[in-house]
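Chains, contacts and geometry: an overview
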Amino acid sequence: MKAQIKVTLKKGVLDPQGQAIEGALKSLGFEGVDSVRQGKVFDIELGETDPMQARNMLNQMCQKLLANTVIEDYTVALSE
Amino acid sequence: MQCAVIAFPGSNRDRDMIAAVTKIAGKPPHVVWHKDSELPQADVIILPGGFSYGDYLRSGAIAARSPMMKEVARAAERGVSILGVCNGFQILTEAGLLPGTLMRNASLKFVCRTIELEVVNAATRFTGLYRPGQIIRNPVAHHDGNYFVDDDTLARIEGNEQVAFRYANGTNPNGSRHDIAGVLNARKNVLGMMPHPEDLIEPAHGGTDGRPLFEALLETVAA
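Residues numbered from 1 in each chain as written. Chains lettered and ligands numbered in written order. Predicted model: local features only at pLDDT ≥ 70, side-chain atom pairs only at ≥ 80, totals over all residues. Heavy atoms only, no water.

Comments concerning the sheet that holds strand β3 (residues 72-79) of chain A
Residue and element names in this part refer to chain A. Test applied: Should DSSP find at least two bridges between two strands, the strands are regarded as paired. A run of H or I in DSSP becomes a helix once it reaches four residues, and a run of E becomes a strand once it reaches two; helices and strands are each numbered from the N terminus. Every axis corresponds to a line fitted to the C-alpha atoms, with the helix fit spanning only the stretch in contact, and the corresponding angles, defined between N-to-C directions, vary from 0 to 180 degrees. Any two residues whose heavy atoms approach within 4.5 Å at even a single point are treated as in contact.
Taken in spatial order, the three strands of this open sheet run β2-β1-β3, and their pairing is antiparallel. Across the chains shown, the open sheet's two edge strands, defined by having one partner strand only, are β2 (39-45) and β3. Across the sheet, the mean angle from the axis of one strand to that of its neighbour is 15 degrees, orientation sign disregarded. The pairing of strand β1 (residues 2-9) with β2 spans seven bridges and is classified as antiparallel. Opposite Lys-2, over in β2, you have Glu-45 as the bridge partner. Here helix α2 (residues 51-66) sits on the sheet and contacts β1, β2 and β3; the angle it forms with β3, its principal contact strand, is near 155 degrees.

Considerations on the pattern of salt bridges
Where we set the bar: Any carboxyl oxygen of Asp or Glu that lies within 4 Å of a side-chain nitrogen of Lys or Arg is treated as forming a salt bridge with it.
Applying the stated criterion to the full structure yields 13 salt bridges over all chains. Residue Glu202(B) pairs with Lys23(B) through a salt bridge whose shortest N-O separation is 3.2 Å. Here Lys23(B) lies in helix α1 (residues 14-25) and Glu202(B) lies in the loop between β11 (190-193) and α6 (211-217), a separation of 179 residues in the sequence. Connected through shared salt-bridge partners, Lys40(A), Glu72(A), Arg58(B), Arg65(B) and Glu94(B) make up one network.

Take it as geometry only, folks, not as evidence of what the structure does.
Below, the structure is given as structure tokens:
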């Protein structure tokens, strides 16, 4: 199975990198940009075929390594 | 008193730390490579600065999951003194041995300069040779030193006197909440700090403000 994990900063956590990107977009002339938040994407291929088991394992991966849950949230999307 | 310094791939302040410990303790520390299977018997464990694993994923994140860090966590539970400086601080937060996390500096710039620190809690095994409220100088050199904790945890660590050092006199170089520069665990046997006391231990360094921390920790001077 294939999985895509997105890790994003929690609401309320300051994102200086996102702010710098927002500033750069504005300086390129893109108007109407209200906010930019930067995150990470992980594409993971798994040998596991049971979606429940896969999701369970991916959640553990996020909690143990891929996300720092002090400041980050994550979502897990599975596809065949 | 035996000390161990743990090196990871990408540590680069380990030599400074080994030199400081050797000079102040009068004998060299055990130097432990992160892949060594066991941690030698030590009363003090130090995680030095650097860029372990190239800061991949998050600063300190990969090193914090190394097998050696399981040994360090067990030592922390036994009450062994553990000091993490700079990247060592980042590793300790990622390993869950200290609260909070260290984010990219608010300025987005790497900062390398001398800052001022207030000794907030002088009643610990690390800070016992300073006076409460004493202002000392220390160099910082980091890109990810912006200390962040949620409001509840911040209130808890302030209430429990877990803040060891604060940036003083407007010298906060990174946007850390409450100007926090060094933080202790609840039991106060683990300290993480962004500034580098090991780089200010003899007059040739331009000052000795970091020396009392090592003298207290290595018990070479009676508190």
